[in-house]
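Remarks on the overall topology
Here is what each chain is made of, one letter per residue.
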Amino acid sequence: VSEHSQFKDTVWFFVNPTPGAKRSNSTINWGMLLMDGSRLIDVQHTKRLRWAKILVLTLLVLPAVGRKPSPGSMFLIQSQLNWLLSWMSDAGYQHAHELTPAAIRHYLDQLPGTLATRSDDGEIGMSTATRALTTLVQLWDQRQALARMGVESLASHPFEGRSATAVAMGVATKARGWIKPLPDEVV
């Protein structure tokens with residue numbers, strides 16, 4: 001998958017040519033901690049791990065939309081995957097093709113509560129909501145490349161043609177770029 005990592009590795013490292021870039025931004029740790037306290041490399045997640053790795057591989061080698069992700073965006077991809085894979089683990093879904101329109105509606109119904117409980121202030125930011133939805137769109141966009149790799153993906157667009165950002169606007173409770181006001185004492 002890169003000059004430093006093989007598909008079977010637990011950690012994928014990509015060389016980031018950006019000066020001063022943190023190594024962690026260019027790494028996907030497949031041993032990521034899911035929200036239920038388990039790790040994605042645990043035996044009960046074997047099927048989820050396999051298709052998630054293949055999805056990222058297709059994004060790197062056969063991107064359907066735009067260019068391949070930059071090395072510095074690997075931590076974002078890991079975060080995107082973590083939201084969906086954690087929910088799938090809780091809901092008992094193993095494969096991407098199990099994410100029917102009804103399952104995706106269930107995910108969308110539970111997402112605001114999940115995001116709010118994981119935030120520091122109980123608010124849901126646009127970027128967090130978008131990240132939690134992006135993998136679903138990627139599964140749709142990459143469906144042909146995934147099929148060539150033996151992975152059955154979504155049967156239809158997850159959001160009826162809308163982007164992850166458009167759907168995130170309905171989930172987010174604070175606007176993009178919103179900063180809390182300073183307390184009087186600080187001013």
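So, here's what we can say about the structure. Predicted model only: the values in this text are computed from it and were never measured.

1. So, the nonpolar core
Counting residues in each nonpolar core, the largest one holds 47 residues, and the members touching the most others are Trp30, Trp51, Leu84, Leu99, Tyr107 and Leu139. Among the secondary structure elements, those contributing two or more residues to this core are α1 (46-61), α2 (74-91), α3 (101-118), α4 (126-141) and α6 (164-171).

2. Re the packing of aromatic side chains
Scanning the model with the defined rule gives 4 aromatic pairs in all. For lysine 53, the ring lying beneath its charged end belongs to phenylalanine 7, and the centroid distance is 5.4 Å. Stacked on the ring of tryptophan 140, the Lys or Arg arginine 143 has its end atom at 3.7 Å from the ring centre.

3. Some thoughts on α1
One full turn of an α-helix is made of 3.6 residues, so residues set three or four places apart face in the same direction. Here α1 is 16 residues long and its end C-alpha atoms lie 22 Å apart, about the 22 Å a rise of 1.5 Å per residue gives. Of all the 16 residues making up α1, 12 are buried; the element is thus mostly covered by neighbouring parts of the structure. The set of residues buried in α1 consists of Arg48, Leu49, Trp51, Ala52, Lys53, Ile54, Leu55, Val56, Leu57, Thr58, Leu59 and Leu60. Its buried side turned inward, α1 meets β1 (11-13), β2 (27-29), α2, α4 and α5 (143-148).

4. What to know about the packing of α3 against α4
Two elements in contact, α3 and α4, have axes whose closest approach is 11 Å; the angle formed by their N-to-C orientations is 155°. The orientation of α3 relative to α4 falls into the category roughly antiparallel. Helix-helix and strand crossings are classified by hand; for α3 and α4 the assignment is right-handed. Within the contact between the two elements, α3 uses Ile104, Tyr107, Leu108, Leu111 and Leu115 and α4 uses Thr128, Ala129, Ala132, Leu133 and Leu136. Taken together, the residues of the contact of α3 with α4 break down into 9 nonpolar, 1 polar and no charged.

Reading guide: rules and limits
- Residues numbered from 1 in each chain as written.
- Predicted model: local features only at pLDDT ≥ 70, side-chain atom pairs only at ≥ 80, totals over all residues.
- Heavy atoms only, no water.
- Core = buried A, V, L, I, M, F, W, Y, C linked by side-chain atoms within 4.5 Å.
- Buried < 20%, exposed > 50% of the residue type's maximum accessible area, 1.4 Å probe, protein only.
- Helix = DSSP H or I, 4+ residues; strand = E, 2+ residues; numbered from the N terminus.
- Phe/Tyr/Trp six-rings, centres within 6.5 Å; stacked < 30°, edge-to-face > 60°.
- Lys NZ or Arg CZ within 6 Å of the ring centre and 35° of its normal.
- Expected span 1.5 Å × (residues − 1).
- Contact = heavy atoms within 4.5 Å.
- Axes fitted to C-alpha atoms, helices over the stretch in contact; angles between N-to-C directions.
- Parallel < 35°, antiparallel > 145°, perpendicular 65-115°, else oblique.
- Left-handed = near helix turned anticlockwise from the far one by under 90°.
- Nonpolar A, V, L, I, M, F, W, Y, C, P; charged D, E, K, R; others polar.

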